[in-house]
Amino acid sequence: MSIDATREGSTLLITLNRPEVRNALDLEHLDALRDELCRFRDDPTLLVAVLTGTDKAFCVGTDLKQVPDPRASFAEGYFAPRRESVDAGVYVRALTVSSLDIRKPLIAAVNGYAIGGGMELALAADLRIASESASFGLPEARWASVPGIGGVSYLLRSIPRAVAMKMILTGDRIDAAEALRLGLVSDVCDSPALVERAMELAARIEANGPLAVQGLKQLSDRTDDMSLSQSIELEQLMWGLLRDTEDRLEGKRAFAERRKPQYRGH
């Protein structure tokens, strides 16, 4: 009953392992997950992370049975530092992936339920793949609440607005086939092959220039709400930033010599 993390090459595989509660996360495990994501962010030898869950669930969100009652007003908790804020009852601060400033790719391998905060975790990833048994939903409206860690914003940016609004306002779920049709996930496979498929995808990303991959992620994150001219200008600046790196020069040599490039992240 833990957050398991194993390293395979330059990929960190993080597994939510609380099957008895469908991988719901209490504050202790939210902190543990945050620690593993920060480890991934800060270790230059780790290039890609895969996040998945055990058994029949990816994650069904916060373990509300284990969340303590608020100890302070919302305003007091909101303006406090993160740890004090969480302790004061603003538990959505326990894990907001966007606040971690992770500049490397995160892949969500979704098996079974990705509900509420679990779907928000998946939406915060850069790539999502799913098993045939996966299902996705934001049911907060049914319990007189709203998603608290970016679910509405991410979903509206991921699929057509009308479909997103239907999911948000009704709390209805969609299955893996529909998620694939809408573009919410890029791949669907059998459950036993899910993690293997995710690790294969991670390996393909690892083989590319790591600085270029990080640059591409930053471009994707920062150009969402830019005008076309601003977006193209930022692309040109990123291209120029990478132009004279050792990896870019190695890539040009490898292309000319018809061999596999040996990138070092320099």
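This write-up is about the structure you can find in this document. (Residues numbered from 1 in each chain as written. Predicted model: local features only at pLDDT ≥ 70, side-chain atom pairs only at ≥ 80, totals over all residues. Heavy atoms only, no water.)

Attention shifts here to the pairing of strand 1 (residues 2-8). Of the pairings in the sheet, the one linking strand 1 to strand 2 (residues 11-17) comprises seven bridges and is antiparallel in character. Across the sheet, residue arginine 7 finds its bridge partner in strand 2, namely leucine 12. Hairpin connection of strand 1 to strand 2: two residues between the antiparallel strands, including glycine 9 at a positive phi of 65°. (Pairing = 2+ DSSP bridges. Helix = DSSP H or I, 4+ residues; strand = E, 2+ residues; numbered from the N terminus.)

Running from N to C, helix 4 (residues 117-124) and helix 5 (residues 151-158) point in directions that differ by 50°, and their axes come no closer than 9 Å. Here helix 4 is positioned oblique relative to helix 5, judged by the angle of their axes. Where helix 4 crosses over helix 5, the handedness of that crossing is left-handed. Where helix 4 approaches helix 5, its residues Met119, Glu120, Leu123 and Ala124 are matched on the opposing element by Gly151, Tyr154, Leu155 and Ser158. Residues of the contact of helix 4 with helix 5, tallied by class, amount to five nonpolar, two polar and one charged. (Axes fitted to C-alpha atoms, helices over the stretch in contact; angles between N-to-C directions. Parallel < 35°, antiparallel > 145°, perpendicular 65-115°, else oblique. Left-handed = near helix turned anticlockwise from the far one by under 90°. Contact = heavy atoms within 4.5 Å. Nonpolar A, V, L, I, M, F, W, Y, C, P; charged D, E, K, R; others polar.)

In this structure, arginine 103 sits in the loop between helix 3 (82-87) and strand 5 (106-110). For the pair arginine 103 and lysine 217, spaced 114 residues apart in sequence, the C-alpha to C-alpha distance is 6.7 Å. Sequence-distant contacts of arginine 103, defined by excluding residues within four places in its chain, comprise Gln214, Lys217, Gln218 and Arg222. A distance of 3.4 Å separates a polar atom in the side chain of arginine 103 from a polar atom in the side chain of aspartate 101. (Polar contact = N/O pair within 3.5 Å; in protein donor to acceptor, adjacent residues only side chain to side chain.)

Pairing in this open sheet of four strands is mixed, and the strands run 4-6-8-9 from one edge to the other. Edge positions in the sheet fall to strand 4 (57-59) and strand 9 (173-175), since each of these pairs with one other strand and no more. Taking the axes of each pair of neighbouring strands and ignoring which way they run, one obtains an average angle of 20° across the sheet.

The subject of this paragraph is the sheet that holds strand 7 (residues 127-131). In space, the six strands of this open sheet follow the order 1-2-3-5-7-10, with mixed pairing throughout. The open sheet has two edge strands with one neighbour each: strand 1 and strand 10 (187-189). If you compare each strand with its neighbour and ignore which way they point, the axes differ by 20° on average. Relative to strand 3 (residues 48-53), strand 2 runs parallel, the two being bridged by six bridges. Bridge pairing links isoleucine 14 to leucine 51 in strand 3.

Another aspect to go through is the pairing of strand 3. Counting buried positions along strand 3 yields six of six residues, so the element is predominantly enclosed. Side chains Val48, Val50 and Thr52 project from strand 3 onto one buried face, and the interleaved Ala49, Leu51 and Gly53 project onto a second face that is buried too. As for the winding sense of the linkage, the β-α-β connection from strand 2 through helix 1 (residues 27-42) to strand 3 is right-handed. Bridging between strand 3 and strand 5 involves four bridges; their strand directions are parallel. (Buried < 20%, exposed > 50% of the residue type's maximum accessible area, 1.4 Å probe, protein only. Right-handed = clockwise from strand over helix to strand, strands pointing away.)

The subject of this paragraph is the environment of serine 131. Within the secondary structure layout, serine 131 lies in strand 7. For serine 131, the residues in contact, after removing those within four places along its chain, are Val110, Asn111, Gly112, Ala176, Val188, Cys189, Asp190, Ser191 and Leu194.

Bringing unusual backbone geometry into the picture now. The phi dihedral of asparagine 23 falls on the positive side, at around 60°, and the residue is not glycine. With respect to the secondary-structure elements, asparagine 23 resides in the loop between strand 2 and helix 1. Here asparagine 23 falls in the buried class, since its relative accessible area comes to 0%. Here the phi dihedral of alanine 144 falls at roughly 60°; this positive angle occurs in a residue that is not glycine.

So yeah, pure geometry; function would need other evidence.
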